[in-house]
Amino acid sequence: MAKEKMGGTVQIVEALVTPVLEELGLRLWDVRFEKEGPDWFLRIFIDRDTPLDIAACEAATRAINPVIDQADPISQSYYLEVGGPGLGRKLTRDSHFAAKCGQKVLAHLIRANDAGEREIKGLLRKKEGTAVTLEREDGSLVVIDTKDASYFKLCDDEDLF
């Protein structure tokens, strides 16, 4: 399947499920349509201000499944998965960066910077365009262009291990 088609599928599914999730008091975090081996998976990640539980995921699945089935935006067979984005969730959208401002984030750089760093941790201060500003523990600010990082993720799981 062409990348444009996959992107179109994701956008269609987002438009279909966002209002349904909002009625349930949930937010859409991300949608991914991915191939693993011979199988395709439509993964819908949801979030809310309070911790997610199985009941919320089940309610979301029951509410969005008929909406997706009726619209039928995907011609091939696939597995539907609905769940939370988990700890250490990746920040991929402007809305993610806006919602997580002030929280600790890890930027994983594609190539080491001038100081030899491949990973930079700091408090997320802002994202303007493609520039993400992190505040290090020493109070210094570092600006990272999104094209220079393979990902940005929350560091909300580092105290668990």
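See the structure printed just above.
Structure report, in brief. (Residues numbered from 1 in each chain as written. Predicted model: local features only at pLDDT ≥ 70, side-chain atom pairs only at ≥ 80, totals over all residues. Heavy atoms only, no water.)

## A short note on the pairing of strand 7 (residues 141–145)
Applicable threshold: A simple rule labels every residue: compare its accessible area, found with a 1.4 Å probe on the protein chains alone, to the largest value its type can have, and call it buried under 20%, exposed over 50%, or partly exposed in between. Only DSSP runs of H or I with at least four residues qualify as helices, and only runs of E with at least two residues qualify as strands; both kinds are numbered from the N terminus onward. Only strands that DSSP links by at least two bridges are regarded as paired with each other.
The alternating pattern of strand 7 places V142 and I144 on a buried face, while none of L141, V143 and D145, on the opposite face, is buried. Note that strand 6 (residues 131–135) and strand 7 share 5 bridges and pair antiparallel. By the bridge assignment, A131 is partnered in strand 7 with D145.

## Digging into the packing of aromatic side chains
Defined as follows: For Phe, Tyr and Trp, where Trp contributes only its six-membered ring, two rings pair if their centres lie within 6.5 Å, and the inter-plane angle classes them as stacked under 30 degrees, edge-to-face over 60, or tilted in between.
Enumeration over the complete set of coordinates arrives at 4 aromatic pairs. Between F33 and Y78, the ring centres sit 6.3 Å apart and the planes meet at 85°, which makes this aromatic pair edge-to-face. A residue pair is termed long-range when its members are at least 10 positions apart, and F33 in strand 1 (residues 27–36) and Y78 in the loop between helix 2 (54–71) and strand 3 (79–83) qualify at 45 residues. The buried category is assigned to F33, whose relative accessible area is 5%. The partly exposed category is assigned to Y78, whose relative accessible area is 24%. Judged by centre distance (5.5 Å) and plane angle (75°), the rings of F97 and F152 are edge-to-face. Taken as a pair, F97 in helix 3 (residues 94–99) and F152 in strand 8 (residues 149–154) lie far apart in primary sequence, 55 residues in all.

## Focus: the sheet that holds strand 2 (residues 39–47)
Heads up, the condition is: Axis definition: a line fit to C-alpha positions, over the contact stretch in the case of helices; interaxial angles, taken between N-to-C directions, run 0 to 180 degrees. For this analysis, residues touch if any pair of their heavy atoms sits within 4.5 Å.
Read across the open sheet, the 3 strands follow the order 1-2-3; overall the sheet is mixed. The open sheet has two edge strands, strand 1 and strand 3, and neither has a second partner. Strand after strand, the sheet turns through a mean of 15° between neighbouring axes, direction not considered. For strand 1 and strand 2, the ladder comprises 9 bridges, and the chain directions are antiparallel. Considered in strand 2, the bridge of R32 is made with R43. Of the strands in this sheet, strand 2 and strand 3 are in contact with helix 2, which crosses strand 3 at around 140°.

## Quick notes on the sheet that holds strand 7
Judged by pairing direction, the sheet is antiparallel, and its 5 strands sit side by side in the order 7-6-5-4-8 without closing on themselves. Two strands close off the open sheet at either side, each with one partner strand: strand 7 and strand 8. Mean inter-strand twist for the sheet, computed between neighbouring axes without regard to direction, equals 45°. When strand 5 (residues 119–128) meets strand 6, the two strands line up antiparallel, connected through 5 bridges. If you follow K126 over to strand 6, its bridge partner there is T133.

## So, the pairing of strand 6
Linkage of strand 5 to strand 6, two consecutive antiparallel strands, is achieved through a turn of 2 residues, within which G129 is found at a positive phi near 65°. The hairpin turn running from strand 6 into strand 7, its antiparallel successor, is 5 residues long, and G139 in that turn takes a positive phi close to 90°.

## As for helix 2
Definition in use: Helix span, expected: 1.5 Å multiplied by one less than the number of residues in the helix. The bend at a residue is defined as the angle formed between two axes, one fitted to the seven residues ending at that residue and one fitted to the seven starting there.
In this model, helix 2 (18 residues) spans 26 Å end to end at C-alpha, consistent with the 26 Å of a helix rising 1.5 Å per residue. Helix geometry: helix 2 is bent most strongly at I64, by close to 25°, with proline P66 lying one to four residues after it. Among the residues of helix 2, A56, C57, A60, I64 and I68 are the ones counted as buried. Following helix 2 by one or two positions, D72 has its phi on the positive side, about 50°.

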